[in-house]
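Structural description and commentary
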Amino acid sequence: ISPTKRKGNFTCNIDNNGRKQGRLSPGMSNLASAVFAGAVGAAAAHYFLSAGARKRPRLEPVSTSHASPAAGHYSQAVKNGGEVFVSGLLPIMPDGTKLSGNTFEAQATQVLRNLEAILHEAGSGLDRLIQVRVYITDVKNWGLFNEMYANKLGAHRPARCVVPVPELHFGLLLEVEAVAAL
């Protein structure tokens with residue numbers, strides 16, 4: 001243990017790793033020691049508990065009847081801090097009707113409507129999108145999706161990834177997930 005500093009009835013030593021180690025002086029009365037230890041303990045507990053509360057994320061599920069319903073153990077979206085995380089959206093109508101067998105354009109239109117409705121419910125919008133991930137079953141539809149997406153988003157250009165996949169649930173042709181600012 002290196003240098004020792006003394007202030008009143010409290011001694012502070014600094015070990016070789018730079019950590020402070022404090023102790024009460026032997027001459028301090030038992031009552032004063034108890035009061036001092038209690039005050040230090042209460043202050044430390046308050047500091048660490050309030051710091052933990054500030055850092056703990058507040059997760060808030062988002063749900064709207066204006067988009068495809070969550071059909072499994074998940075939320076349509078979750079708000080956390082200043083962002084909203086939107087679950088994978090399939091081309092399913094708000095009443096649960098799956099658009100299997102419909103054209104790619106019809107399915108993409110519904111997915112973008114679902115995304116817009118969920119973002120609106122969360123207090124965000126398409127113009128606040130940060131990142132979008134699109135899964136498509138046929139890479140030939142990439143150009144059409146890109147055109148529809150650009151028309152819907154206008155000048156806003158969030159980060160995006162388009163991933164060709166062999167198949168999606170219910171034989172649907174695309175799925176979209178996103179992150180947006182609130």
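Residues numbered from 1 in each chain as written. Predicted model: local features only at pLDDT ≥ 70, side-chain atom pairs only at ≥ 80, totals over all residues. Heavy atoms only, no water.

What follows is about the nonpolar core. Core analysis: the biggest nonpolar cluster contains 29 residues, and Val86, Leu115, Leu119, Leu129, Phe145, Leu174 and Val176 have the highest contact counts within it. Residue assignment for this core shows that the elements contributing at least two residues are β6 (83–89), α2 (104–122), β7 (129–136), α3 (142–153) and β9 (174–181). Ranked by residue count, the leading element in this core is α2, at nine residues. Excluding residues that lie within four positions of it along the chain, leucine 174 makes contacts with Leu89, Leu90, Pro91, Phe104, Gln107, Ala108, Val111, Tyr135, Ile136, Phe145 and Leu168. (Core = buried A, V, L, I, M, F, W, Y, C linked by side-chain atoms within 4.5 Å. Buried < 20%, exposed > 50% of the residue type's maximum accessible area, 1.4 Å probe, protein only. Helix = DSSP H or I, 4+ residues; strand = E, 2+ residues; numbered from the N terminus. Contact = heavy atoms within 4.5 Å.)

Within the structure shown, the criterion is met by four salt bridges. Put simply, glutamate 60 and arginine 58 hold a salt bridge, and the shortest N to O gap is 3.7 Å. A salt bridge links arginine 133 to glutamate 177; the nearest nitrogen and oxygen atoms lie 3.1 Å apart. Of the two residues, arginine 133 sits in strand β7 while glutamate 177 sits in strand β9, which places them 44 residues apart along the sequence. With a relative accessible area of 23%, glutamate 177 lands in the partly exposed category. Linked through salt bridges whose partners overlap, the residues forming this network are Arg58, Glu60 and Lys79. (Salt bridge = Lys/Arg side-chain N within 4 Å of Asp/Glu carboxyl O.)

A separate point is the pairing of β9. With six of its eight residues buried, β9 lies for the most part within the structure. In this sheet, β9 lies alongside β6 in antiparallel orientation, the contact comprising five bridges. When the bridges of β9 are listed, valine 86 appears paired with alanine 178. Pairing of β7 with β9 involves seven bridges; the strand directions are antiparallel. Residue pairing across strands places arginine 133 opposite glutamate 177, the latter belonging to β9. (Pairing = 2+ DSSP bridges.)

Each regular strand displays side chains that alternate between the two surfaces of the sheet. Where burial is concerned, the two faces of strand β5 (residues 77–80) differ: the one with Ala77 and Lys79 is buried and the one with Val78 and Asn80 is not. As defined by bridge partners, strand β4 (residues 59–62) adjoins β5 across four bridges and the pair is classed as antiparallel. In the strand pairing of β5, leucine 59 is matched with asparagine 80. Here β5 pairs with β6 via four bridges, running antiparallel. Paired with alanine 77 across the bridge in β6 is valine 86. From the end of β5 to the start of β6, which pair antiparallel, there are two residues, and glycine 81 there has a positive phi angle of about 65°.

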